[in-house]
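# Structural overview
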Amino acid sequence: MAVRTRGKASELLREMWRSRLSYLFIAPFMLCFIVFIMIPVVCAFALSFMSYNSLEPPRFISWSNFRYMISEDLLFLQYALPNTFKFAVIAGPCGYVASFLLAWLITILPGRSRKWFALAMYSPSLMGGVAMTIVWLPLLSGDRIGYLNSFMLEWGFISDPVLWVTSKEHLMTSMIVVTLWSSMGIGFLAMMAGILNVNPELYEAGRLDGIKSRLEEIWYITVPSMKPQMLFGAVMAIVGTFKAGSIGTELSGMNPTPQYAGHLIMNQIDDYGFIRFELGYASALSVFLLLLMYLSNKFCWGLFGSKGDE
């Protein structure tokens, strides 16, 4: 057994040496991946079983952080977890569907105008805090001079100004709307590229086989032909919604948000990690969020993945 193991190891080393140029090319990415992703994930997983405040040495406390999370942390159970699920379930799928529909509509436009519409859809995802300050805060201001309130008061839709971003009833809705507006990111571009690369002969063959509408073309030809792009867009939508956290505090200008209406898991992590300096519990929350993302990604792999992709 030992001789066989040494033989396999030496054969593996010889194969790596024969492919040394390939390993040299991927070395920069692998180094960055190991240093900035793999090692932090492993450290977070280890710290989730410890009590650590960044000043004293870490102290092993087994599953205490996770027991506290699921049984005693009322802020997490009452606000962070339900708000995150609500935000992710609405903003994620809606933004995903909107990305696909807008990408499809843009691809049927003439070539010259297509790039300008694509740029117009993609640019909000690049603006970030600039768009929040210039566009959304004046639009959703809770006084009479806020653009949305002013318009609705003038046309008689409301009789008093609505506190769009500082009330418990409307903050989550405002967060979802702003997220959808800025959700046409890299996933949107991937979907548009996938639609443009579908073989036109498939549509002609589909019409000969009895496909009569654009909707049938999308369902039977476009979507099956671009499953890798659909999968990529779904993964990006999941990651984007689950990692959102600052949007509620940016809109409301308060931390925590009014009555914790926009308090998400990321806000809970920031609270314990950078304000209370309970880094062990913050790591446990991060591991829990990572598990949610993993399960959601597995669901997307089941919808759009294939054995060849695995």
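Heads up: the structure comes first, above all this text.
Okay, so let's go over this structure.

Reading the values: the criteria
- Residues numbered from 1 in each chain as written.
- Predicted model: local features only at pLDDT ≥ 70, side-chain atom pairs only at ≥ 80, totals over all residues.
- Heavy atoms only, no water.
- Buried < 20%, exposed > 50% of the residue type's maximum accessible area, 1.4 Å probe, protein only.
- Helix = DSSP H or I, 4+ residues; strand = E, 2+ residues; numbered from the N terminus.
- Contact = heavy atoms within 4.5 Å.
- Axes fitted to C-alpha atoms, helices over the stretch in contact; angles between N-to-C directions.
- Parallel < 35°, antiparallel > 145°, perpendicular 65-115°, else oblique.
- Left-handed = near helix turned anticlockwise from the far one by under 90°.
- Nonpolar A, V, L, I, M, F, W, Y, C, P; charged D, E, K, R; others polar.
- Core = buried A, V, L, I, M, F, W, Y, C linked by side-chain atoms within 4.5 Å.
- Phe/Tyr/Trp six-rings, centres within 6.5 Å; stacked < 30°, edge-to-face > 60°.

Turning to helix α10 (residues 186-196), its buried residues number three or more, namely Gly-187, Phe-188, Ala-190, Met-191, Met-192, Gly-194 and Ile-195. In the core, the buried residues of α10 are packed alongside α4 (74-107), α5 (111-122), α12 (214-225) and α13 (227-242).

Next up on the list: the packing of helix α11 (residues 200-208) against α12. The axes of two packed helices give the description: the angle between them and the distance between them. Their axes nearest at 11 Å, the elements α11 and α12 cross at an angle of 150 degrees. Taken together, the axis directions place α11 and α12 in an arrangement best described as roughly antiparallel. At the point where α11 passes α12, the crossing takes the right-handed sense. Counted together, Leu-202, Tyr-203, Gly-206 and Arg-207 of α11 and Glu-217, Ile-221, Thr-222 and Ser-225 of α12 form the full contact between these two elements. Residues belonging to the contact of α11 with α12 are distributed by class as follows: 3 nonpolar, 3 polar and 2 charged.

The next thing to look at is the nonpolar core. Ranked by internal contacts, the top residues of the largest apolar core, which has 40 residues, are Phe-100 and Ile-265. Sorting the residues of this core by element identifies α3 (64-71), α4, α10, α12, α13, α15 (265-275) and α16 (279-304) as the ones contributing at least two each. The element that contributes the greatest number of residues to this core is α16, accounting for 10 residues. Other than its neighbours up to four places away in sequence, Ile-265 contacts Phe-76, Ala-80, Leu-81, Thr-84, Phe-288, Leu-289 and Leu-292. Judged by nonpolar contacts, the second largest core, of 21 residues, contains Trp-136, Val-162, Val-165 and Leu-171.

Once that is clear, we can look at the packing of aromatic side chains. Between two aromatic rings, the relevant description is the distance of the centres plus the angle of the planes. Under the criterion given, the structure shown has 12 aromatic pairs. Residues Phe-49 and Phe-66 carry aromatic rings whose centres are separated by 5.6 Å and whose planes lie at 50 degrees to one another, so their mutual orientation is tilted. Taken as a pair, Phe-49 in the loop between α2 (20-47) and β1 (50-51) and Phe-66 in helix α3 lie far apart in primary sequence, 17 residues in all. Residue classification places Phe-49 among the buried positions, given a relative accessible area of 14%. Judged by its relative accessible area of 17%, Phe-66 is buried. Summarising the aromatic geometry, the rings of Tyr-68 and Tyr-281 are spaced 5.1 Å apart at their centres and angled 75 degrees between planes, so their arrangement reads as edge-to-face. Remark: Tyr-281 occurs in helix α16 and Tyr-68 occurs in helix α3; sequence separation between them is 213 residues. By relative accessible area, which is 3% here, Tyr-281 ends up buried.

Next up on the list: the environment of Phe-60. Here Phe-60 lies in strand β2 (residues 59-60). Classification of Phe-60 as exposed rests on a relative accessible area of 59%. Here the alpha-carbon distance between Phe-60 and Ile-158, two residues 98 residues apart in the chain, equals 57 Å. With sequence-adjacent residues up to four places away left out, Phe-60 is seen in contact with Phe-49 and Met-50.

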